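Understanding the architecture of this molecule
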Amino acid sequence: MASVFTHPAPAIALSVALGSNIISPRLAAACIAAAVLPDLDVVSFSFGVKYAESLGHRGLSHSLVLALGVASLAFIAAPLLRAKRVVAFAAVLFSVLSHILLDAMTTGGLGVAFFWPFDETRHFLSWRPIVVSPFSLKRFM
């Protein structure tokens, strides 16, 4: 199930595989945060934003534009993350993209707006083995 608890797994795996000489602990923490970041869009429900809208769940927050934007921030913040700029960019981009791809492999929802703002169509990958995570904490447990 793709959830806030499982989305960090690819970022953690990358950090462990490459080691702390390449992925500093600060960059590893940033990657974990970046892997969860797209799901902050659920806050929009509190403001009356509908799931299917651009600002809704799996809309702009699950786009390639957002992934590149967050990775660009990591590029700028690389000295603070104690990483080389290209490493910070690539690792954070990987982390956000892993979230987007995992959500595109789920069995439910409306799909992922990969190409927002150029195309608001929601997409799934053809292989969808991951059970969609419910929004309700009660149903999740």
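Now for a description of the structure that goes with this document.

Analysis parameters
- Residues numbered from 1 in each chain as written.
- Predicted model: local features only at pLDDT ≥ 70, side-chain atom pairs only at ≥ 80, totals over all residues.
- Heavy atoms only, no water.
- Helix = DSSP H or I, 4+ residues; strand = E, 2+ residues; numbered from the N terminus.
- Buried < 20%, exposed > 50% of the residue type's maximum accessible area, 1.4 Å probe, protein only.
- Lys, Arg positive; Asp, Glu negative; His and termini not counted.
- Salt bridge = Lys/Arg side-chain N within 4 Å of Asp/Glu carboxyl O.
- Polar contact = N/O pair within 3.5 Å; in protein donor to acceptor, adjacent residues only side chain to side chain.
- Contact = heavy atoms within 4.5 Å.
- Bend = angle between axes of the 7 residues up to and from the residue.
- Axes fitted to C-alpha atoms, helices over the stretch in contact; angles between N-to-C directions.
- Parallel < 35°, antiparallel > 145°, perpendicular 65-115°, else oblique.
- Left-handed = near helix turned anticlockwise from the far one by under 90°.
- Nonpolar A, V, L, I, M, F, W, Y, C, P; charged D, E, K, R; others polar.
- Core = buried A, V, L, I, M, F, W, Y, C linked by side-chain atoms within 4.5 Å.

1. A short note on the side chain of Asp41
- Tracing the backbone shows Asp41 in the loop between helix H2 (25-36) and helix H3 (64-81).
- For the buried Asp41, which has no salt bridge, the nearest side chain bearing the opposite charge is Arg58, at an N-O separation of 7.0 Å.
- Within the local environment of Asp41, its side chain forms a polar contact with the side chain of His62, the two groups lying 3.4 Å apart.
- If we ignore the near neighbours within four places in the chain, the residues touching Asp41 are Leu55, Gly56, His57, Arg58, Gly59, Ser61 and His62.

2. So, H3
- The largest bend along H3 measures about 45° and falls at Phe75, with the proline Pro79 one to four residues further on.
- Among the residues of H3, those classed as buried are Ala67, Val70, Ala71, Ala74, Ala78 and Leu81.
- Directly after H3, the chain includes Arg82, whose backbone phi takes a positive value near 55°.

3. Thoughts on the side chain of His99
- Relative to the helices and strands, His99 resides in helix H4 (residues 85-104).
- A polar contact of 3.2 Å, which involves the side chain of His99, links it to the side chain of Asp39.
- Setting aside residues up to four positions removed in sequence, His99 forms contacts with His7, Ala35, Val36, Pro38, Asp39 and His62.

4. A word on the packing of helix H1 (residues 9-18) against H2
- Two elements in contact, H1 and H2, have axes separated by 8 Å at closest approach and are oriented at 160°. The angle between the axes of H1 and H2 places the two elements in the roughly antiparallel class. Crossing angle aside, the handedness with which H1 passes H2 is right-handed. Of H2, the residues touching H1 (which contributes Ala11, Ile12 and Ser15) are Ala28, Cys31, Ile32 and Ala35.
- Class assignment of the residues belonging to the contact of H1 with H2 gives a composition of six nonpolar, one polar and no charged.

5. Re the environment of Arg26
- Here Arg26 shows up in helix H2.
- Along the sequence, Arg26 and Val36 sit ten residues apart, while their C-alpha atoms lie 16 Å from each other.
- Not counting residues within four places of it along the chain, the set of residues in contact with Arg26 comprises Leu80, Leu81 and Arg82.
- Polar contacts involving the side chain of Arg26 include one to the main-chain carbonyl oxygen of Leu80, which spans 2.9 Å.

6. Some words on the nonpolar core
- Leu27, Ala88, Val92 and Val96 are the most contacted members of the largest nonpolar core, which totals 25 residues.
- Elements that contribute at least two residues to this core include exactly H1, H2, H3 and H4.
- No other element matches the eight residues that H4 contributes to this core.
- Those residues in contact with Ala88 that sit more than four places away from it in its chain are Leu27, Ala74, Ala78, Leu81 and Ala83.

Any link to function would need more than the numbers given here.
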